[in-house]
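One-letter residues, chain by chain:
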Amino acid sequence: MTSAPPPEELDPDALKAVTHPLRRRILGVLSAGPATATKLAKALGENTGATSYHLRELARFGFVEEAPELARGKERWWRTRPRDIRWPRRSAQSAESRLLFDDMQRQGFEDDLEKLSRFAEQREELPGDWPDALLHARGGTWLTTEELKQFWDDYMALFRRYWRSEDDRSPEARRVLVRWLGFPDPGD
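Here goes a summary of the coordinates provided. This is a predicted model, so every value here is computed, not measured.

Definitions and cut-offs
Residues numbered from 1 in each chain as written. Predicted model: local features only at pLDDT ≥ 70, side-chain atom pairs only at ≥ 80, totals over all residues. Heavy atoms only, no water. Helix = DSSP H or I, 4+ residues; strand = E, 2+ residues; numbered from the N terminus. Contact = heavy atoms within 4.5 Å. Areas by Shrake-Rupley, 256 points an atom, 1.4 Å probe, with all protein chains shown as cover. Axes fitted to C-alpha atoms, helices over the stretch in contact; angles between N-to-C directions. Left-handed = near helix turned anticlockwise from the far one by under 90°. Nonpolar A, V, L, I, M, F, W, Y, C, P; charged D, E, K, R; others polar. Buried < 20%, exposed > 50% of the residue type's maximum accessible area, 1.4 Å probe, protein only. Polar contact = N/O pair within 3.5 Å; in protein donor to acceptor, adjacent residues only side chain to side chain. Pairing = 2+ DSSP bridges.

**A short note on the overall build of the protein chain**
- The secondary structure content of the protein chain amounts to six helices and five strands.
- In the protein chain, the order of α-helices and β-strands from amino to carboxyl end is β-α-α-β-α-α-β-β-β-α-α.
- A fraction of 61% describes how many contacts in the protein chain between residues 6 or more apart in sequence connect residues 24 or more apart.
- With an accessible surface of roughly 13700 Å², the protein chain has 53% of that area assigned to carbon and sulfur atoms.

What follows is the structure in structure tokens.
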């Protein structure tokens, strides 16, 4: 079994690279499996020149990599590169980075909600126990900032324990999206 990649903190330039709207869409398509620039262009309604350029930029910052074992002739296949990305603490970010990060988080939540809606529409068509696979919890507790950080670290350790690469997954496994969120209650 492969282990989860080590945590790595990214710099502001990497944040700029990954928050570009088309690059986020490319990463979304590649999260389902490898593709060529041509396949991505068709899936995203873009031209191949644009997808090729943005793939190279994503590769420059280590978000994607070539999959040479899939290549035929001049065809270049790309896949996401497994990473455990950590962003600098908000207090250590520039004002520009905070704006980019906030926008990236907002887009991420919108993407997740859209995927949750699609799952809800399609869940009855799924085989086996997968229609029952919407697990959720909501609650609140009283924590200090240190305890909240420890909660996060414990969650990440648990997530890393269950992390699998695409090559190391069971044939019955499906890609499961997980989001952990903790924030202070703003009050009423």
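**Structural notes on the packing of helix 3 (residues 37-44) against helix 4 (residues 48-60)**
- Direction vectors running N to C along helix 3 and helix 4 enclose 115°, while the axes themselves pass 8 Å from each other. In this structure, the crossing between helix 3 and helix 4 has a hand that is right-handed. Taken together, the residues of helix 4 that come into contact with helix 3 (itself represented by Ala37, Thr38, Leu40 and Ala41) are Thr48, Thr51, Ser52 and Leu55.
- Its residues assigned to classes, the contact of helix 3 with helix 4 shows four nonpolar, four polar and no charged.

**Some words on the environment of Glu46**
- Examined against the element boundaries, Glu46 turns out to sit in the loop between helix 3 and helix 4.
- Given a relative accessible area of 32%, Glu46 falls into the partly exposed group.
- In this structure the C-alpha to C-alpha distance between Glu46 and Thr80, which are 34 residues apart in sequence, comes to 19 Å.
- Dropping the residues within four chain positions of it, Glu46 is found in contact with Leu22, Arg25, Ala41 and Thr51.
- At 3.4 Å, the side chain of Glu46 and the side chain of Arg25 are in polar contact.

**Topic: the environment of Trp152**
- The residue Trp152 is located in helix 6 (residues 145-162) in this model.
- For Trp152, a relative accessible area of 27% gives the class partly exposed.
- Taking C-alpha positions, Trp152 is 8.3 Å from Gly182, a pair spaced 30 residues apart along the chain.
- Every residue in contact with Trp152, bar those within four places of it in the chain, is listed here: Arg86 and Trp180.

**Overview of the pairing of strand 4 (residues 77-80)**
- Two strands pair when backbone bridges link them, and strand 2 (residues 35-36) and strand 4 are joined in this way by two bridges, in the antiparallel orientation. Directly across from Ala35, in strand 4, lies its bridge partner Trp78.
- Bridge count for strand 3 (residues 64-66) against strand 4 is three bridges, and the pairing is antiparallel. From the neighbouring strand, Glu65 faces strand 4, where its bridge partner is Arg79.

**A few points about the sheet that holds strand 2**
- If you trace the three strands from one edge of the open sheet to the other, you get 2-4-3, paired in antiparallel fashion. What marks the edges here is a single partner per strand, and that holds for strand 2 and strand 3.
- Helix 2 (residues 21-30) contacts strand 2, strand 3 and strand 4 of the sheet and is inclined by roughly 90° relative to strand 4.

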